[in-house]
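Coordinate inspection notes
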Amino acid sequence: MFDYQAATPHWVNRLSFVIRAEVQQRFKAAGHAITAEEWAMLMLLWARAPQSMGQLAAMSLRDRTTITRLIDSMVKKGLLERTSAPGDRRSVLVDLGPKGRALEAPLTAIVSDFIAQATKGLSPEEIAQANGVLEKMTANILGEDDAPR
């Protein structure tokens, strides 16, 4: 019989669910009506905005239809804005709206506190090793020679 609890993907999946639920609960407790999916999109754009819909789909490993629905919802909330790409009016870029920009500091603080709790008792070396293992597993699944950095 397969022991799923001995399989790393089980624990990665379980941790992912726990992180999403806990982060979303902390956002709500702080008065921020932001979902885990919206937070993930904001993080991508805080790092580098604007981006095309295709780029956001590729970076988030989601299909374009899912990204379009998410972006539509976030535009309605005033978190994001759509603009035409310079030189190509047919190409749409997604950028942060004023509300999306304003959330970077408070949401990052909430997540930083959560990460500190989640990594309590782990040495910097253990954290680096865990990150390295997860990056390598991701690269193996995606067929990449080296993990993304």
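Residues numbered from 1 in each chain as written. Predicted model: local features only at pLDDT ≥ 70, side-chain atom pairs only at ≥ 80, totals over all residues. Heavy atoms only, no water.

Overview of the packing of aromatic side chains
Here is the rule we go by: Side-chain rings of Phe, Tyr and Trp (the six-membered ring for Trp) are treated as a pair once their centres are within 6.5 Å; stacked means planes under 30 degrees apart, edge-to-face means over 60, and tilted covers the remaining angles. The secondary structure listing takes helices from DSSP runs of H or I that are at least 4 residues long and strands from runs of E that are at least 2 residues long, numbered from the N terminus. Exposure is judged per residue with a 1.4 Å probe applied to protein chains only, and the accessible area is read against the type maximum: over 50% gives exposed, under 20% gives buried, and values in between give partly exposed.
Considering all chains together, one arrives at one aromatic pair under this definition. With 6.0 Å between their ring centres and 75° between their planes, Phe27 and Trp39 make a pair best called edge-to-face. Taken together, the residues Phe27 in helix α1 (residues 8-29) and Trp39 in helix α2 (residues 36-47) connect sequence positions 12 residues apart. In this structure Phe27 comes out as buried when scored by relative accessible area, which is 0%. Exposure remark for Trp39: the relative accessible area of 12% places this residue in the buried category.

Looking at a nonpolar patch on the surface
Test applied: For patch building, the residue pool is restricted to those with more than 30% relative accessible area and no salt bridge; the joining distance is 9 Å between like charges and 5 Å between nonpolar side chains (Val, Leu, Ile, Met, Phe, Trp, Tyr). Each accessible area value is a Shrake-Rupley result obtained with a 1.4 Å probe; residue values ignore everything except the protein chains displayed when judging cover. Any carboxyl oxygen of Asp or Glu that lies within 4 Å of a side-chain nitrogen of Lys or Arg is treated as forming a salt bridge with it.
A contiguous nonpolar surface patch, about 360 Å² in accessible area, is contributed by Leu61, Ile141 and Leu142. Mapping Leu142 onto the fold places it in helix α7 (residues 124-142).

Re the pairing of strand β2 (residues 80-85)
We count it as follows: Here the rule is simple: two strands pair whenever DSSP picks up at least two bridges between them.
The sheet contact formed by β2 and strand β3 (residues 88-96) spans six bridges and is antiparallel. Across the sheet, Arg82 pairs through a bridge with Val94, a residue of β3. Between β2 and β3, which pair antiparallel one after the other, the connecting turn spans two residues, and Gly87 there sits at a positive phi close to 85°.

Some remarks on helix α3 (residues 53-60)
The line we're drawing: Think of it as the arc spanned by the lines of direction from the helix axis to the C-beta atoms. By definition, residues are in contact when any of their heavy atoms lie within 4.5 Å.
Those residues of α3 that fall on the buried side of the exposure criterion are Met53, Leu56 and Ala57. Taken around the axis of α3, the buried residues stretch over an arc of 100°, which confines them to a single face. Along its buried surface, α3 packs onto α2, β1 (51-52), α4 (64-76), β2 and β3. Looking one or two residues past α3, Leu61 carries a phi angle of roughly 60°, positive in sign.

Concerning the nonpolar core
Using the following cut-off: Buried Ala, Val, Leu, Ile, Met, Phe, Trp, Tyr and Cys residues form a nonpolar core when they are joined through side-chain atoms within 4.5 Å.
Within the largest apolar cluster, 24 residues are counted, with the highest numbers of intra-cluster contacts made by Phe27, Met41, Leu42, Ile71, Leu80 and Leu107. Of all elements in the fold, only α1, α2, α3, α4, β3 and α6 (104-118) reach the threshold of two or more residues within this core. If one sorts the elements of this core by residue count, α2 sits on top with five residues. The residues contacting Ile71, other than those within four sequence positions of it, are Met41, Met53, Leu56, Leu80, Arg82 and Val94.

A few points about the pairing of β3
Across two bridges, β1 lies against β3 in antiparallel orientation. Each bridged residue has a counterpart across the sheet, and for Ser52 the counterpart in β3 is Leu93.

Regarding the environment of Arg69
Assignment of secondary structure puts Arg69 in helix α4. Judged by its relative accessible area of 56%, Arg69 is exposed. Sequence separation between Arg69 and Arg90 is 21 residues; the distance between their C-alpha atoms is 19 Å.

Focus: the sheet that holds β1
Inclusion rule: In this description, a line fitted to the C-alpha atoms serves as the axis of each element, helices being fitted only across the stretch in contact, and the angle between N-to-C directions of two axes falls anywhere from 0 to 180 degrees.
The three strands are arranged β1-β3-β2 in an open sheet whose pairing can be described as antiparallel. Since the sheet does not close on itself, it has two edges, and those belong to β1 and β2, each with one partner. Sheet strands in contact with α2 are β1, β2 and β3, and its direction is about 105° off that of β3.

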